[in-house]
Amino acid sequence: MLRVLSIASEAFPLIKTGGLADVAGALPLALPREGVEMRTLLPGYPSVKAKLEKAEAIHAYPALMGGPARVLAAHAAGLDLFVLDAPHLYDRPGNPYLGPDGRDWPDNAFRFAALARVGADLAKGLAPAYAADVVHAHDWQAALAPVYLHYDGTPRPATVLTIHNMAFQGHYYGDLLGPLGLPAAAMSLDGVEYFSGIGFLKGGIRLADKITTVSPTYAREILTPEFGMALDGLLRSRAADVEGIVNGIDDEVWDPETDPTLARPFSALKLQDRDANRQALQEKFGIAATEAGPLFGVVSRLTSQKGLDLLLACLPGLVARGGQLALLGTGEPALEQGFRDMEGAYPDHVGCIIGYDERLAHLIQAGVDFLVVPSRFEPCGLTQLYALRYGAAPLVARVGGLADTVIDANEAALSAGVATGLQFYPPDIGALDYAISRAFDLNADPAIMRRLRLNGMRADVSWRTPARRYAALYARLRTPA
Ligand code: ADP
């Protein structure tokens, strides 16, 4: 078995704020059948420690970034874990990154440098009878692990850094270099130096053996100034080592045949049973119980990344043509208010629930005709994958993972019978409005809609293919060509 140590700041179902948690929680479960044994190092947040089974202290640090810490070996939710129990860093409830004022914890540099430092130590044999062939670090929070390993010197395991979102990079003042345990040599272009400060993600991109991101299109996009968030130049210099692997989804949690949250379960063979979910959704959102016109859905953070201001602008036209919208989301107050105002103006056609509700997210996927994802950038995106599995046609901007996972219903794809949804580009009001008009045309033809739904439901969106690709990558890294 090839041994990989995954280092992540969140993993579903122990702690989750976004797609990173889904990946860090699901990938380890899919790897054993590919010959890979993955253990995961997580910070010891209260919610993580509360769920541990059989935790055993295997190492004690008298002082780690300002306080004593222990490393626990444990299991939880089917995962083999190391947990960094450092109360001075992690014993804080709620969001893993933000304090009660909604701002980053002021000591986040230390909180996540400690995670990376301990990951590097574990990979090299800190725990009895454990060493890793490959270290897999996720996002800026773990990105110093390849950096520490580089400056520690050889022998060292191979390193992979996965970028889930370029928008989060971990920038800090340069005078933290010594306190973070980095050598003076690291303060250079070839190390962590970033505009005279320290960039965690920057250092990881410079020094990891391999860089992956969560779709092939995003892997290309981040090499450009438009999507690279000021790291595109560095990424271009490493282009030969950048690879995109699309995420999978947990197809047991997301299975329309067995999903206990639905009004009625359904399958490709019993597609007519899906209609009960559409009716339940209309009732839940307080919109008219009509079969006329397409029902559009959204499950999303309400931020400018997600492009929902574009949908807001298109809503009067969508309603005028007889469509409906069911939206579930939270985020920027102006967007929340905008959708509430639309609900007030068009109560039969627009329903919005402002909040985070995992169960309702399932019902939306099971009830809508089109799931709208008009993102300006989208490293992978998960909601369009849930939509495919639940027979909703994704209507998406052609960026990042959305471009890679939805087949546009153009003439060629329709005649070949392979279309699964609609794409538009660029992410602006005109292109979205046109895509919405195409959705009305498709919806008017029941045979085409049925074809779209069945194609989506039969697409493989599981972790099997991505797990195989990660396993191949780890194997290549362990034995370089
Ligand atoms: P991101 O990680 O950028 O937010 P993804 O599409 O990768 O976007 O993942 C979002 C995840 O969060 C999905 O599992 C989606 O169903 C879930 N989600 C987002 N907003 C809500 C909400 N308001 N209620 C329930 N689930 C939500």
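Residues numbered from 1 in each chain as written. Predicted model: local features only at pLDDT ≥ 70, side-chain atom pairs only at ≥ 80, totals over all residues. Heavy atoms only, no water.

Regarding unusual backbone geometry
To be explicit about the condition: Strands are runs of DSSP state E lasting at least two residues, helices are runs of H or I lasting at least four, and both sets are numbered from the N terminus onward. Relative accessibility decides the category of a residue: with a 1.4 Å probe and only protein chains considered, values under 20% of the type maximum give buried, values over 50% give exposed, and everything between is partly exposed.
Going from Thr154 to Pro155, the amide bond is cis rather than trans, its omega being -5°. Here Pro155 shows up in the loop between helix H6 (144-152) and strand E7 (158-163). With omega at 0°, the peptide bond leading from Tyr425 into Pro426 counts as cis. Locating Pro426 in the fold gives a position in the loop between strand E18 (422-424) and helix H17 (429-443). Notably, Lys54 is not glycine yet its phi reads approximately 50°, a positive angle. Tracing the backbone through its elements, the reader meets Lys54 in strand E3 (residues 53-61). The exposure class of Lys54 is exposed, given its relative accessible area of 68%. Within the chain, Ala77 stands out as a residue other than glycine whose phi angle is a positive 50°. Relative to the helices and strands, Ala77 resides in the loop between strand E4 (69-76) and strand E5 (79-85).

Quick word on the pairing of strand E1 (residues 2-7)
In the case of a regular strand, side chains alternate between the two sheet surfaces. The criterion, for reference: Paired strands, as defined in this entry, are two strands with at least two bridges between them according to DSSP.
The buried fraction of E1 is high, at 5 of 6 residues. Here 6 bridges tie E1 to strand E2 (residues 36-43), and the two strands are oriented parallel to one another. From the neighbouring strand, Leu2 faces E2, where its bridge partner is Val36. Summarising the sheet, E1 and strand E6 (residues 134-138) pair through 4 bridges and their orientation is parallel. Looking at E6, one finds that Ile7 is bridged to Ala137.

A word on the pairing of strand E15 (residues 350-354)
Definition in use: Crossover handedness is defined here as right-handed if the route from the first strand over the helix to the second strand goes clockwise, with the strands pointing away from the viewer.
Examined bridge by bridge, strand E14 (residues 324-331) and E15 share 5 bridges and lie parallel to one another. Each bridged residue has a counterpart across the sheet, and for Gly329 the counterpart in E15 is Ile354. Crossover connection from E14 via helix H12 (residues 333-345) to parallel E15: handedness right-handed.

Topic: the domain arrangement of the protein
Inclusion rule: Segment limits for the domains were obtained from an automatic or database-derived domain assignment. The salt bridge definition used is simple: a Lys or Arg side-chain nitrogen within 4 Å of an Asp or Glu carboxyl oxygen. Pairing of N or O atoms within 3.5 Å defines a polar contact, subject to two protein rules: one partner must be a possible hydrogen donor and the other a possible acceptor, and residues neighboring in sequence count only if both atoms are side-chain atoms. Put simply, Ala, Val, Leu, Ile, Met, Phe, Trp, Tyr, Cys and Pro go in the nonpolar bin, Asp, Glu, Lys and Arg in the charged bin, and everything else, Gly too, in the polar bin.
Segmenting the protein into domains produces domain 1 (2-248 + 464-477) and domain 2 (268-458). On inspection of domain 1 and its partner domain 2, the count reaches 0 salt bridges. Inspection of the region where domain 1 meets domain 2 yields 4 residue pairs in polar contact (both at pLDDT 80 or more). Elements represented by at least two residues in the side of domain 1 that touches domain 2 include exactly helix H1 (19-30) and helix H8 (216-221). No other element matches H8, which puts 4 residues into the side of domain 1 that touches domain 2. When the residues that make up the side of domain 1 that touches domain 2 are grouped by side-chain class, the tally is 7 nonpolar, 7 polar and 4 charged.

Here's the deal with the packing of helix H4 (residues 108-123) against H6
So the rule is basically this: To obtain each axis, a line is fitted to C-alpha atoms, and for helices this fit is confined to the stretch in contact; angles are then taken between N-to-C directions over 0 to 180 degrees. By definition in this entry, angles of less than 35 degrees are roughly parallel, angles greater than 145 are roughly antiparallel, angles of 65 to 115 are roughly perpendicular, and the rest are oblique. Handedness of a helix crossing follows the sense of rotation of the near helix relative to the far helix, less than a right angle counterclockwise being left-handed and clockwise being right-handed. By definition, residues are in contact when any of their heavy atoms lie within 4.5 Å.
Direction vectors running N to C along H4 and H6 enclose 50°, while the axes themselves pass 8 Å from each other. Relative to H6, the element H4 lies oblique. Once H4 is placed against H6, the crossing between them reads as right-handed. For the pair H4 and H6, the contacting residues are Ala113, Ala116, Arg117 and Ala120 in the first and Leu144, Ala145, Tyr148, Leu149 and Asp152 in the second.

Brief notes about the sheet that holds strand E17 (residues 393-397)
What the 6 strands build is an open sheet, ordered E15-E14-E13-E16-E17-E18; its pairing is parallel. Strands at the two margins of the open sheet, each flanked by one partner only, are E15 and E18. Sheet twist, expressed as the mean angle between neighbouring strand axes with direction ignored, is 15°. Of the strand pairs in this sheet, E17 and E18 are connected by 3 bridges, and their pairing is parallel. Note that in E18 the partner of Ala397 across the bridge is Phe424. Together, strand E13 (295-302), E14, E15 and strand E16 (370-373) form the strand contacts of helix H11 (residues 308-320), whose direction differs from that of E13 by roughly 160°.

Structural notes on the pattern of salt bridges
Applying the stated criterion across every chain, the model contains 25 salt bridges. Measuring nitrogen to oxygen at the nearest pair gives 2.9 Å for the salt bridge that ties Arg70 to Asp85. Note that Arg70 is positioned in strand E4 and Asp85 in strand E5, a separation of 15 residues in sequence. For Arg70, a relative accessible area of 40% corresponds to the partly exposed category. According to the relative accessible area criterion, Asp85 is buried, its value standing at 7%. Salt-bridge contacts for Arg469 lead to Glu243; the nearest nitrogen and oxygen are separated by 3.0 Å.

A word on the layout of surface pockets
In plain terms, the rule: Lining residues are those with an atom within 4 Å of a point, where the points come from a 1 Å grid over the protein atoms alone and group into cavities, where a 1.4 Å probe fits but cannot get out, or pockets, open sets with protein on both sides within 12 Å along at least five of seven lines. Grid points are joined across faces, edges and corners, and a volume is the space filled by probe spheres set on the points.
Looking at the second largest pocket, its volume works out to about 470 Å³. Those elements giving two or more residues to the lining of the second largest pocket turn out to be helix H10 (275-285) and helix H18 (446-458). Residue composition of the lining of the second largest pocket, by class: 4 nonpolar, 7 polar and 7 charged.

Details of the nonpolar core
Rules: In this text, buried Ala, Val, Leu, Ile, Met, Phe, Trp, Tyr and Cys residues form a nonpolar core when linked through side-chain atoms within 4.5 Å.
Counting 152 residues, the largest nonpolar core has Leu84, Leu180, Phe296, Phe339 and Leu395 as the members making the most contacts within it. If one sorts the elements of this core by residue count, H4 sits on top with 10 residues. Each of domain 1 (2-248 + 464-477) and domain 2 (268-458) gives at least three residues to this core. What Phe339 contacts, discounting residues up to four positions off in sequence, is Leu308, Leu311, Leu312, Leu315, Leu325, Leu327, Val350 and Cys352.

With respect to the environment of Gly367
Within the fold, Gly367 resides in helix H13 (residues 358-367). In this structure Gly367 touches Arg274, Asn277, Arg278, Leu281 and Leu295, once residues within four positions along its chain are discounted.

Some details on the sheet that holds strand E11 (residues 210-213)
Within a sheet, each strand pairs with its neighbour through backbone hydrogen bonds, oriented either parallel or antiparallel. Read across the open sheet, the 9 strands follow the order E3-E4-E5-E2-E1-E6-E7-E11-E12; overall the sheet is mixed. Looking at which strands have only one partner, the edges of the open sheet turn out to be E3 and strand E12 (242-244). When the angles between neighbouring strand axes are averaged without regard to direction, this sheet yields 25°. As defined by bridge partners, E2 adjoins E5 across 4 bridges and the pair is classed as parallel. Bridging from a neighbouring strand, Leu42 pairs with Val83 of E5. Sitting on the sheet, H4 is in contact with E1, E2, E3, E4, E5 and E6, with an inclination near 145° to E2. The strands touched by helix H19 (residues 464-478) within the sheet are E1, E2, E6, E7, E11 and E12, with E7 carrying the most contacts at an inclination of about 145°.

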